[in-house]
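Next come the chains, spelled out residue by residue.
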Amino acid sequence: MDSGILLLEDGAAWEGKTFGATGEGFGEAVFNTAFSGYQEVLTDPSYAGQIVVMSIPHLGNYGVNPEDMESSRCYLRGFVVKDVSAITSNWRSEKSLDAFLKEQHVIGLADVDTRGIVKHLRERGAMRAALSSNPKDQKKLLEQVKASPSMIGANFMKEVSLPKIEHHEGKGERVVLYDFGLKQNILKNLLDEGFEVYVVPAYTKAEEVLKLNPKGIVFSNGPGDPDALGEIVQNIRELMKANLPTLGICLGNQLMAQAMGAKTYKLKFGHRGVNHPVKNLETGEVAITSHNHGFAIDAKSLTSDLVPMYIDLYDQTLEGFRHKNRPWIAVQFHPEAAPGPHDAAPIFQEFKKLVKA
């Protein structure tokens, strides 16, 4: 391992040892509190443009395998851990975390105080950063960090969305799934419910989708700032005129809200992990859920037609809503969570009931 550094835009720095690829990566430094599922984190397109710090101290012990990929590659800009395992021990493993990051051209940094980094980001907020395997000229590196793009106003759709329509056979009703940075487990859950699924690129026009004669629409998760996606929001408004059953997940939830007049804002350090308690305001039930988002819907901006459905019990942020009179539901958390938890999986059955009705 060579020397490396994580340098934040406020000048805070942590030096450690690099693994995976070499070079430099620039992005927004964020942290994830999950105790398992590092491969799912690495291949989640929602992390495009970000350097992810894992709060769990020990990673890489179960290696990497093709079945747990959430997309075809890594979109994040760097991966920071306290300790990376030199030994891989799992019957499903096909390569080490180090080898995987080399293959994906992602820089990893180990032997750093991740607890200190997480505490710093919680206090100061997520911010621009650099991860470099050449820590010598910190002054120049800091200048590059301050010149790098902010997550506010960021649009990654051309990077993360598929280039053309894909068709997946099913014996049930036909639905269209918009790919805004799709996690494959969303598609898998829809297929498990029996749907025939057309996955379409982010900027596919409403009229093109309606020609497919779908019985429902799903808007996926994805990266970036929803305020930067006005063209997509306008397209969602056009689709809503058809009054089809609709499900929004994560970014899809935010874009649906904007299409109906609500506003979004950037969270101080975001929600990223698999241990967020979310309360159903209609039933009183609490589910432990998976999160990955840096923006949220302003609950006060919801129009009278929109009913808040879920809140986060950590900070009371809005976690989902439904329309009073139309078959539209949206959630900020991830009902398709892999490796878990699975408390929120019934959201897909709820969407199926809306489609069948």
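All values reported here derive from a predicted model rather than from experimental measurement.

Reading the values: the criteria
- Residues numbered from 1 in each chain as written.
- Predicted model: local features only at pLDDT ≥ 70, side-chain atom pairs only at ≥ 80, totals over all residues.
- Heavy atoms only, no water.
- Helix = DSSP H or I, 4+ residues; strand = E, 2+ residues; numbered from the N terminus.
- Rg over C-alpha atoms; globule rule 2.2 N^0.38 Å.
- Buried < 20%, exposed > 50% of the residue type's maximum accessible area, 1.4 Å probe, protein only.
- Contact = heavy atoms within 4.5 Å.
- Areas by Shrake-Rupley, 256 points an atom, 1.4 Å probe, with all protein chains shown as cover.
- Lys, Arg positive; Asp, Glu negative; His and termini not counted.
- Charge placed at Lys NZ, Arg CZ, Asp CG, Glu CD.
- Polar contact = N/O pair within 3.5 Å; in protein donor to acceptor, adjacent residues only side chain to side chain.
- Pairing = 2+ DSSP bridges.
- Phe/Tyr/Trp six-rings, centres within 6.5 Å; stacked < 30°, edge-to-face > 60°.
- Lys NZ or Arg CZ within 6 Å of the ring centre and 35° of its normal.
- Axes fitted to C-alpha atoms, helices over the stretch in contact; angles between N-to-C directions.
- Parallel < 35°, antiparallel > 145°, perpendicular 65-115°, else oblique.
- Nonpolar A, V, L, I, M, F, W, Y, C, P; charged D, E, K, R; others polar.

Draft legend 1. Molecular detail of the overall build of the chain. Along its length, the chain carries 10 helices and 19 strands. A globule of 357 residues ought to have a C-alpha radius of gyration of about 21 Å, and the chain, at 20 Å, matches this closely. Dimensions of the chain along its principal axes, counting C-alpha atoms only, are 60 × 45 × 40 Å. In the chain, buried positions account for 58% of the 357 residues. Within the chain, contacts between residues at least 6 apart in sequence are counted, and of these 75% link residues at least 24 apart. Approximately 15000 Å² of the chain is accessible, and the part contributed by carbon and sulfur atoms is 49%. Counting 39 positive and 44 negative side-chain charges, the chain places the centres of these two groups 3 Å from one another.

Draft legend 2. Here's a closer look at the side chain of Ser85. Looking at the element boundaries, Ser85 is found in the loop between β7 (83-84) and α2 (97-104). Taking the relative accessible area as the measure of exposure, Ser85 reaches 17% and is therefore buried. From its side chain, Ser85 meets the backbone oxygen of Ile87 in a polar contact 2.6 Å long. Aside from chain neighbours lying at most four places away, what touches Ser85 is His58, Leu59, Gly60 and Asn61.

Draft legend 3. Looking closely at the pairing of strand β15 (residues 264-280). With 10 bridges joining them, β15 and strand β16 (residues 286-297) adopt antiparallel strand pairing. Paired with Pro277 across the two strands is Ile288, which belongs to β16. Connecting β15 to the antiparallel partner β16 that follows it, the hairpin turn spans 5 residues, and Gly284 within it adopts a positive phi of roughly 85°. When β15 meets strand β17 (residues 306-312), the two strands line up antiparallel, connected through 3 bridges. Across the sheet, Lys279 pairs through a bridge with Ile311, a residue of β17.

Draft legend 4. Quick peek at the packing of aromatic side chains. The full count for this structure, using the stated rule, is 7 aromatic pairs. Residues Phe180 and Phe219 carry aromatic rings whose centres are separated by 6.1 Å and whose planes lie at 5° to one another, so their mutual orientation is stacked. You can see Phe180 sitting in the loop between β11 (174-179) and α6 (184-192) and its partner Phe219 sitting in strand β13 (residues 216-219), a full 39 residues away along the chain. Neither residue differs from the other here; Phe180 and Phe219 are each classed as buried. Judged by centre distance (5.1 Å) and plane angle (90°), the rings of Tyr310 and Phe333 are edge-to-face. Placement of Tyr310 in strand β17 and of Phe333 in the loop between β19 (328-331) and α10 (346-356) is noted, with a sequence separation of 23 residues between them. Accessibility classification places Tyr310 together with Phe333 in one group, the buried group. In this structure, Lys266 packs its charged tip against the face of Phe295, placed 5.8 Å from the ring centre.

Draft legend 5. Spotlight on the environment of Ser96. With respect to the helices and strands, Ser96 occurs in the loop between β7 and α2. The exposure class of Ser96 is partly exposed, given its relative accessible area of 26%. Along the backbone, Ser96 and Gly294 are 198 residues apart, and their C-alpha atoms lie at a distance of 29 Å. Setting aside residues up to four positions removed in sequence, Ser96 forms contacts with Val64 and Thr88.

Draft legend 6. Spotlight on the packing of helix α8 (residues 230-240) against helix α9 (residues 251-259). At a minimum axis distance of 9 Å, the contact between α8 and α9 shows a crossing angle of 70°. With respect to α9, the element α8 is oriented roughly perpendicular. Residues Ile232, Val233, Ile236, Arg237 and Met240 of α8 form the contact with α9, whose participating residues are Leu255, Met256, Gln258 and Ala259. Here the contact of α8 with α9 is built from residues that sort into 7 nonpolar, 1 polar and 1 charged.

Draft legend 7. Quick look at the sheet that holds strand β3 (residues 24-32). Around the barrel, which closes on itself, the 7 strands sit in the order β1-β2-β8-β6-β4-β3-β9 with mixed pairing between neighbours. In this sheet, neighbouring strand axes are inclined to one another by 35° on average, regardless of whether the strands run parallel or antiparallel. Relative to strand β4 (residues 50-54), β3 is paired through 5 bridges, and the arrangement is parallel. Paired with Phe31 across the two strands is Val53, which belongs to β4. Contacts between α2 and the sheet are confined to β2 (13-20), β6 (78-80) and β8 (107-110), with β2 contributing the most and set at about 90° to the helix.

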